[in-house]
Amino acid sequence: MNNVNKNIRKVCSFYASDWHLITMLLPHVNKAINEENKIITILEEDAQDKVEMLLGKLRITNKKEILGIGWNEKLFNQEGFERIIKESIINNEKTEIIIAGSNEYIEKVNNIIENYASQEEAEQKDIKVINCYYIENIRNIKEVLNSHDAVLNTAGEKGAKEYLMQISI
(Lines give C-alpha, C1' and ligand atoms only; values in the text may rest on other atoms or scores of the structure.)
Protein backbone atom coordinates (compact mmCIF):
# COMPACT_ATOMS: atom_id res chain seq x y z
CA MET A 1 0.00 0.00 0.00
CA ASN A 2 1.57 3.26 -1.08
CA ASN A 3 -0.23 5.83 0.99
CA VAL A 4 1.15 9.36 0.77
CA ASN A 5 -0.74 10.49 3.87
CA LYS A 6 0.46 8.50 6.86
CA ASN A 7 -2.56 9.53 8.93
CA ILE A 8 -5.00 7.90 6.49
CA ARG A 9 -5.72 4.19 6.71
CA LYS A 10 -7.61 2.87 3.69
CA VAL A 11 -9.94 -0.09 3.92
CA CYS A 12 -11.87 -1.56 1.01
CA SER A 13 -15.07 -3.50 1.02
CA PHE A 14 -16.91 -5.34 -1.72
CA TYR A 15 -20.66 -5.81 -1.83
CA ALA A 16 -23.06 -7.67 -4.10
CA SER A 17 -26.23 -5.68 -3.31
CA ASP A 18 -27.39 -2.69 -1.27
CA TRP A 19 -28.66 -5.06 1.44
CA HIS A 20 -25.31 -6.83 1.57
CA LEU A 21 -23.56 -3.47 1.99
CA ILE A 22 -25.77 -2.41 4.91
CA THR A 23 -25.60 -5.85 6.55
CA MET A 24 -21.81 -5.71 6.41
CA LEU A 25 -21.47 -2.10 7.59
CA LEU A 26 -23.86 -2.02 10.57
CA PRO A 27 -21.85 -4.26 12.95
CA HIS A 28 -18.68 -2.37 12.05
CA VAL A 29 -20.33 1.01 12.59
CA ASN A 30 -21.75 -0.17 15.93
CA LYS A 31 -18.24 -1.19 17.04
CA ALA A 32 -16.74 2.09 15.82
CA ILE A 33 -19.31 4.06 17.81
CA ASN A 34 -18.41 2.04 20.91
CA GLU A 35 -14.78 3.04 20.30
CA GLU A 36 -15.95 6.69 20.15
CA ASN A 37 -15.00 7.20 16.51
CA LYS A 38 -16.72 9.87 14.45
CA ILE A 39 -18.48 8.23 11.49
CA ILE A 40 -19.19 10.08 8.24
CA THR A 41 -21.06 8.52 5.35
CA ILE A 42 -20.64 9.79 1.80
CA LEU A 43 -23.00 7.71 -0.29
CA GLU A 44 -23.91 8.10 -3.92
CA GLU A 45 -27.25 6.36 -3.34
CA ASP A 46 -29.67 6.74 -0.44
CA ALA A 47 -29.54 3.93 2.14
CA GLN A 48 -31.54 5.46 5.01
CA ASP A 49 -34.66 3.26 4.54
CA LYS A 50 -32.60 0.07 4.36
CA VAL A 51 -30.61 1.01 7.47
CA GLU A 52 -33.82 1.76 9.39
CA MET A 53 -35.44 -1.49 8.29
CA LEU A 54 -32.43 -3.64 9.13
CA LEU A 55 -31.84 -1.93 12.48
CA GLY A 56 -35.44 -2.79 13.37
CA LYS A 57 -34.56 -6.48 12.99
CA LEU A 58 -31.14 -6.55 14.65
CA ARG A 59 -29.98 -6.38 18.24
CA ILE A 60 -27.52 -3.53 18.02
CA THR A 61 -26.92 -1.28 20.99
CA ASN A 62 -26.29 2.02 19.20
CA LYS A 63 -29.38 2.20 16.96
CA LYS A 64 -30.08 5.86 17.65
CA GLU A 65 -26.46 6.87 17.01
CA ILE A 66 -26.30 4.78 13.83
CA LEU A 67 -29.46 6.41 12.46
CA GLY A 68 -28.06 9.82 13.39
CA ILE A 69 -25.03 9.36 11.15
CA GLY A 70 -27.07 10.08 8.04
CA TRP A 71 -27.35 7.45 5.38
CA ASN A 72 -28.74 9.77 2.73
CA GLU A 73 -27.54 10.19 -0.81
CA LYS A 74 -24.96 12.93 -1.25
CA LEU A 75 -24.61 14.35 -4.72
CA PHE A 76 -21.00 15.10 -5.53
CA ASN A 77 -20.21 18.64 -4.45
CA GLN A 78 -16.51 19.27 -3.86
CA GLU A 79 -16.99 22.33 -1.64
CA GLY A 80 -19.66 20.59 0.44
CA PHE A 81 -17.55 17.47 0.89
CA GLU A 82 -14.50 19.53 1.80
CA ARG A 83 -16.53 21.30 4.51
CA ILE A 84 -17.97 18.02 5.88
CA ILE A 85 -14.55 16.37 5.97
CA LYS A 86 -12.79 19.39 7.47
CA GLU A 87 -15.34 19.83 10.27
CA SER A 88 -15.36 16.15 11.17
CA ILE A 89 -11.61 15.69 11.12
CA ILE A 90 -10.82 18.87 13.05
CA ASN A 91 -13.33 18.10 15.81
CA ASN A 92 -12.39 14.43 16.30
CA GLU A 93 -9.18 12.52 16.77
CA LYS A 94 -10.55 9.35 15.19
CA THR A 95 -12.71 9.67 12.11
CA GLU A 96 -14.08 6.96 9.84
CA ILE A 97 -15.36 7.98 6.43
CA ILE A 98 -17.54 5.42 4.66
CA ILE A 99 -17.76 5.97 0.91
CA ALA A 100 -20.01 3.95 -1.41
CA GLY A 101 -20.83 4.57 -5.03
CA SER A 102 -19.39 4.25 -8.50
CA ASN A 103 -15.64 3.87 -8.87
CA GLU A 104 -15.44 7.48 -10.13
CA TYR A 105 -17.42 8.77 -7.14
CA ILE A 106 -15.16 6.91 -4.70
CA GLU A 107 -12.03 8.22 -6.44
CA LYS A 108 -13.23 11.85 -6.38
CA VAL A 109 -14.10 11.73 -2.67
CA ASN A 110 -10.77 10.03 -1.85
CA ASN A 111 -8.89 12.80 -3.67
CA ILE A 112 -10.65 15.43 -1.53
CA ILE A 113 -9.81 13.50 1.66
CA GLU A 114 -6.17 13.05 0.69
CA ASN A 115 -5.81 16.72 -0.22
CA TYR A 116 -7.31 17.80 3.08
CA ALA A 117 -5.44 15.23 5.17
CA SER A 118 -2.10 16.61 3.94
CA GLN A 119 -2.88 19.98 5.50
CA GLU A 120 -1.24 20.84 8.80
CA GLU A 121 -4.46 20.90 10.85
CA ALA A 122 -5.25 17.30 9.85
CA GLU A 123 -1.78 15.79 10.22
CA GLN A 124 -2.25 14.65 13.82
CA LYS A 125 -5.63 13.04 13.22
CA ASP A 126 -6.40 9.34 12.77
CA ILE A 127 -8.49 8.91 9.62
CA LYS A 128 -9.88 5.64 8.31
CA VAL A 129 -11.46 5.66 4.85
CA ILE A 130 -13.70 2.71 4.02
CA ASN A 131 -14.22 2.50 0.26
CA CYS A 132 -17.19 0.26 -0.54
CA TYR A 133 -17.10 -1.11 -4.09
CA TYR A 134 -19.99 -2.74 -5.90
CA ILE A 135 -18.35 -5.99 -6.98
CA GLU A 136 -19.75 -5.89 -10.53
CA ASN A 137 -17.90 -2.58 -11.12
CA ILE A 138 -14.49 -4.05 -10.25
CA ARG A 139 -12.35 -5.22 -13.15
CA ASN A 140 -9.15 -5.90 -11.23
CA ILE A 141 -9.59 -6.84 -7.59
CA LYS A 142 -5.82 -7.12 -7.05
CA GLU A 143 -5.40 -3.48 -8.07
CA VAL A 144 -8.03 -2.41 -5.52
CA LEU A 145 -6.46 -4.54 -2.78
CA ASN A 146 -2.99 -3.13 -3.53
CA SER A 147 -4.25 0.39 -2.90
CA HIS A 148 -5.79 -0.45 0.51
CA ASP A 149 -4.43 -1.52 3.89
CA ALA A 150 -7.28 -3.85 4.83
CA VAL A 151 -10.56 -5.41 3.72
CA LEU A 152 -13.84 -5.15 5.60
CA ASN A 153 -16.43 -7.88 5.14
CA THR A 154 -19.15 -9.53 7.22
CA ALA A 155 -16.47 -11.32 9.29
CA GLY A 156 -14.75 -8.03 10.16
CA GLU A 157 -11.55 -6.34 9.05
CA LYS A 158 -8.46 -8.20 7.84
CA GLY A 159 -5.23 -7.23 6.10
CA ALA A 160 -5.33 -6.72 2.33
CA LYS A 161 -2.11 -8.76 1.90
CA GLU A 162 -3.89 -11.77 3.35
CA TYR A 163 -6.60 -11.50 0.68
CA LEU A 164 -4.01 -11.00 -2.05
CA MET A 165 -2.30 -14.23 -1.05
CA GLN A 166 -5.62 -16.09 -1.17
CA ILE A 167 -6.28 -14.77 -4.69
CA SER A 168 -2.79 -15.84 -5.85
CA ILE A 169 -3.37 -19.47 -4.82
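Provided above is the structure to which this section pertains.
Each value, and the rule that gives it
Residues numbered from 1 in each chain as written. Predicted model: local features only at pLDDT ≥ 70, side-chain atom pairs only at ≥ 80, totals over all residues. Heavy atoms only, no water. Helix = DSSP H or I, 4+ residues; strand = E, 2+ residues; numbered from the N terminus. Buried < 20%, exposed > 50% of the residue type's maximum accessible area, 1.4 Å probe, protein only. Contact = heavy atoms within 4.5 Å. Areas by Shrake-Rupley, 256 points an atom, 1.4 Å probe, with all protein chains shown as cover. Phe/Tyr/Trp six-rings, centres within 6.5 Å; stacked < 30°, edge-to-face > 60°. Lys NZ or Arg CZ within 6 Å of the ring centre and 35° of its normal.

**Section: the overall build of the protein chain**
Move 1: Along the backbone of the protein chain there are 7 helices and 6 strands.
Move 2: In sequence order, the secondary structure elements of the protein chain are arranged as β-α-β-α-α-α-β-α-β-α-β-β-α.
Move 3: The proportion of buried residues among the 169 residues of the protein chain is 45%.
Move 4: The long-range share in the protein chain, meaning contacts at least 24 apart out of those at least 6 apart in sequence, stands at 78%.
Move 5: For the protein chain, the computed accessible surface area is about 9700 Å², with 45% contributed by carbon and sulfur atoms.

**Quick notes on the packing of aromatic side chains**
Move 1: Counted under the stated rule, the structure contains 2 aromatic pairs.
Move 2: For the pair Y15 and Y134, a centre-to-centre distance of 5.6 Å together with 45° between the ring planes defines the contact as tilted. With Y15 in strand 1 (residues 8-15) and Y134 in strand 4 (residues 126-134), this residue pair connects regions lying 119 residues apart in the sequence.
Move 3: The ring centre of W19 lies 5.7 Å from the NZ or CZ of K50, which sits over that ring.

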